[in-house]
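For reference, the chains in residue letters:
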Amino acid sequence: MTSFVHISDLAAAVADADLIIEAIPEVVPIKTDFYQKLGPLAPAKTVFATNSSTLLPSQFAEATGRPSQFLALHFANEIWKNNTAEIMKHPGTDAKVFDDVIEFARAIGMVALPLQKEQPGYILNSLLVPLLDAGQKLLVRGIADPETIDKTWMVATGAPKGPFAILDIVGITTAYNIGNAKAEATGDQEMKKIAELLKTEYIDKGKLGAATGEGFYKYPNPRYLDPDFLKS
């Protein structure tokens, strides 16, 4: 049986690591600060990987102090069911490091999906994020409520979840961080409105998604799983 040990001291935690996977909030300064602290502490052999959902590894490569040993390794939500591992290199990633992380992903039972060039959102989120954004825009425009939007998508496409059910699983804090970063980077007022809605109506009220028992739905028995949800 594999055992796990929780270590709060960073130097002790990385002392003999071969691979470190970072999965902290989607906020550039926080990630940059982490890598600047991590780089001097990890052994020279250690490969760093980011599990960022939308940010590019090249944004942090220099901060790691070892750009050739850095890349992205992205796991889908509900990894126990959706065992995708997207491996994305940046222009400075060493080819052997890229190949080794692909093999690591396969060795832990994942479907390894190599990306040969950087792409914000990889493959999965390049397809998924526009759906989530579209759902949120329909909400802030007052077109329909989350349940109606989800029901429309589920009935029309046969999908098991709609955008708001997916957002609950992703976590509303993550959705807020991504939306807020987009709003700041582009000046998109609609994205700003979405970020404000997520903060005031959900995050500030402790409704962070499935993990906290409530987001757009209440858990453990969300409405979208009700047998009558898709009926007229």
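Residues numbered from 1 in each chain as written. Predicted model: local features only at pLDDT ≥ 70, side-chain atom pairs only at ≥ 80, totals over all residues. Heavy atoms only, no water.

**Notes on the pattern of salt bridges**
Filter applied, for reference: The term salt bridge refers to a pairing of a side-chain nitrogen on Lys or Arg with a carboxyl oxygen on Asp or Glu at a separation within 4 Å. Helix numbering and strand numbering both begin at the N terminus, where a helix is a DSSP run of H or I of at least 4 residues and a strand a DSSP run of E of at least 2. Think of it in three bands: residues with accessible area under 20% of the maximum for their type are buried, residues over 50% are exposed, and the middle band is partly exposed, with areas taken using a 1.4 Å probe on protein chains only.
Throughout the structure, instances matching the rule amount to 17 salt bridges. The closest approach of N and O atoms between Asp 133 and Lys 182, which form a salt bridge, is 2.6 Å. Of this pair, Asp 133 sits in helix H5 (residues 124-140) while Lys 182 sits in helix H8 (residues 172-186); the two residues are 49 residues apart in sequence, bridging distant segments of the chain. On the basis of relative accessibility, which here comes to 26%, the residue Lys 182 falls in the partly exposed class. What you see here is one network of salt bridges that share partners, running through Asp 16, Asp 18 and Lys 45.

**Quick look at the layout of surface pockets**
Our working rule: Using a grid of 1 Å spacing that covers the protein atoms alone, one calls a set of points a cavity when a 1.4 Å probe fits there but cannot get out, and a pocket when the set is open and has protein on both sides within 12 Å along at least five of seven lines; lining residues are those with an atom within 4 Å of a point. Grid points are joined across faces, edges and corners, and a volume is the space filled by probe spheres set on the points. In this classification, Asp, Glu, Lys and Arg are treated as charged, Ala, Val, Leu, Ile, Met, Phe, Trp, Tyr, Cys and Pro as nonpolar, and every other residue, Gly included, as polar.
In this structure, the largest pocket spans a volume of roughly 1,000 Å³. Lining of the largest pocket is provided by 47 residues; of these, Ala 76, Asn 77, Asn 125, Leu 128 and Val 170 occupy positions nearest its centre. Elements supplying a minimum of two residues to the lining of the largest pocket: strand E3 (70-75), strand E4 (84-88), H5, helix H7 (163-170) and H8. Looking at the lining of the largest pocket, the element that brings in the most residues is H5, giving 8 residues. Surrounding the second largest pocket, 15 residues form its lining, Thr 54, Leu 55, Pro 120, Ile 178 and Lys 182 being those nearest its centre. Looking at the lining of the second largest pocket, the elements that each hand over two or more residues are H5 and H8. For the lining of the second largest pocket, the leading source of residues is H8, giving 5 residues. Here the residues of the lining of the second largest pocket sort into 7 nonpolar, 6 polar and 2 charged.

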